[in-house]
Amino acid sequence: MTTLRVAVVGAGPAGIYTSDLLLKAERAFDVSVDLFEQLPAPYGLVRYGVAPDHPRIKGIVNALREVLDRGDIRLFGNVRFGTDVTIDDLKRHYHAVVFATGASRDARLEVPGHEFEGSFGAADFVSWYDGHPDVPREWPLTHREVAVIGNGNVALDVARMLVKHPEDLEPTEVPANVLEGLRASPITDVHVVGRRGPLQVKFTPLELRELGELRDVDIILNDDDFGLDPASDELAQTNKQLLVINRILSSWREREVGSASRRLHLHFYSKPLEVVGDGAVQALRFERTRPDGAGGVVGTGEVRDLPVQAVYRAIGYFGSPLADIPFDEHRGVIPNSGGRALDESGEELPGIYATGWIKRGPQGLIGATKSDAMETVQNLLNGQSGWWSPLDPSPEAIPALLGERGVRFTDVSGWHNLDEHEKSLGASSGRERVKVVPRDEMIEISLNRSVTG
Ligand code: NAP
């Protein structure tokens, strides 16, 4: 073997970091990387998971862009693993594959009524407001009072996007249909509901603080949610993150409220029991909990109803299974040891690796994905005895195969076309970018064809 040929599936941060590390790692042989992505554009959750009013996170795009622009990674966009290319194709043309397909579905909340009209998964809503090409363009924003279940950063993103006045989103890259939908929303109250206490939240201080800066939105806290947990209060003295969260919440409790036209309520110690309704959401029923002294909570038996017409479930993401690749249904990941995929009996599967959220589950900020990729890359490079022996490792074989199958794949220069196009759409309205949403249009622009022709 003169060149190790690696396929990486998924062009989000995990896939791009992995490709980069594979090419930069010290090794005694050449490496070539082909990056497959089911969407016509790269960057995964950075493009389709980060809220449009969070441009500072979008700064990560600059780092990812530098990697792709170097020109030593081939990108095949609009190529679906399992249909457009299969594991047998990859075995024929590569020595190994790394799956970096992330976790983009909502974790299920198994409470009665979760399927009612007006009960939504946060991941679907995020896909909508980020202009994902595969979700409907319309979102039913007809509710005045809404509950968001969960105390993670996604819950805060969803709550903020719902309660923020749409004019304040205008300068961002929010798609036009989303802005229009939000403008028509009659929303007045968003209730964020966490099952544990104010110092057991998963969201981060920066994201929490931002809520307090929303124009014409009062933050409402319940006094009964505070002072219940001396153990956590003590911990907050030494843990910087908790200390800041504690300070932010305390300062909000001092604030004058009552003048804003919209309200964001934070409820803690409230464990969801049921979505109440007659087919459509009428309330969220929850049980009050109290601290168990060890970071957890126990039920108090006291049940309350929060009258709302919609419920957003933001209790975490979940991975999706890939064709002919083992999948842990319980954790939503590819079972693995240090990124080496394992079969049902726990044996290593030659040539198959995982990285990012499909490896470790949907936790951690984007930066954590890099150290995770390092582990997978090391194990791949050291695992020579397990690599496949491809019958046809020539770089031309894959574009030829996709061409034969009629797959309209996009590449890095196609992405530049789309990127430039979106930026020029934005420039005309003083915005950084206006995203192109329909998949066909994204492909046509990438392939440099007229969308009207
Ligand atoms: P997360 O951080 O894991 O938070 C999930 C929340 O849902 C937790 O508060 C959890 O409570 C709660 N939950 C889980 N199961 C529940 C149930 N059955 N009933 C009630 N509540 C339940 O997940 P996430 O918010 O989806 O975020 C995923 C990752 O993306 C995180 O690392 C996050 O920081 C990152 N992210 C970052 C940003 C950003 O702006 N920086 C934006 C979005 C996402 P318990 O703690 O009690 O389990």
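Bear in mind the structure is a predicted one, so any value in this text is a computation, not a measurement.

Conventions we followed
- Residues numbered from 1 in each chain as written.
- Predicted model: local features only at pLDDT ≥ 70, side-chain atom pairs only at ≥ 80, totals over all residues.
- Heavy atoms only, no water.
- Pairing = 2+ DSSP bridges.
- Helix = DSSP H or I, 4+ residues; strand = E, 2+ residues; numbered from the N terminus.
- Contact = heavy atoms within 4.5 Å.
- Axes fitted to C-alpha atoms, helices over the stretch in contact; angles between N-to-C directions.
- Buried < 20%, exposed > 50% of the residue type's maximum accessible area, 1.4 Å probe, protein only.
- Phe/Tyr/Trp six-rings, centres within 6.5 Å; stacked < 30°, edge-to-face > 60°.

K.L.:
Kindly report on the sheet that holds strand β1 (residues 3-9), identifying the contributing residues and their values.
P.N.:
Ordered by their spatial adjacency, seven strands build an open sheet running β3-β2-β1-β4-β18-β17-β16, and the pairing between neighbours is mixed. Looking at which strands have only one partner, the edges of the open sheet turn out to be β3 (73-77) and β16 (336-337). Of the strand pairs in this sheet, β1 and strand β4 (residues 96-99) are connected by four bridges, and their pairing is parallel. Bridge pairing links V8 to V98 in β4. Strand contacts of helix α12 (residues 368-381): β1, β2 (30-37), β4, β16, β17 (340-342) and β18 (348-354), with the helix running at about 150° to β18, the strand carrying the most contacts.

K.L.:
Let's hear about unusual backbone geometry: which residues, and what values?
P.N.:
At Y43, a residue that is not glycine, the phi angle is positive and equals roughly 95°. Looking at the secondary structure, you find Y43 in the loop between β2 and α2 (44-48). Unusually for a residue other than glycine, N78 sits at a positive phi of about 65°. Relative to the helices and strands, N78 is located in the loop between β3 and α4 (87-93). For N78, a relative accessible area of 11% corresponds to the buried category.

K.L.:
Quick one: what's the story with the packing of aromatic side chains, residue by residue and with numbers?
P.N.:
This structure, assessed with the given rule, holds 16 aromatic pairs. Where F226 meets F268, the ring centres are 6.2 Å apart and the plane angle is 80°; that geometry is what we call edge-to-face. Placement of the pair is F226 in the loop between β9 (217-221) and α9 (230-238) and F268 in the loop between β10 (262-267) and β11 (270-277), with a sequence separation of 42 residues. Following the ring pairs from residue to residue traces out a cluster consisting of F120, F125, W128, Y129, W139 and Y312.

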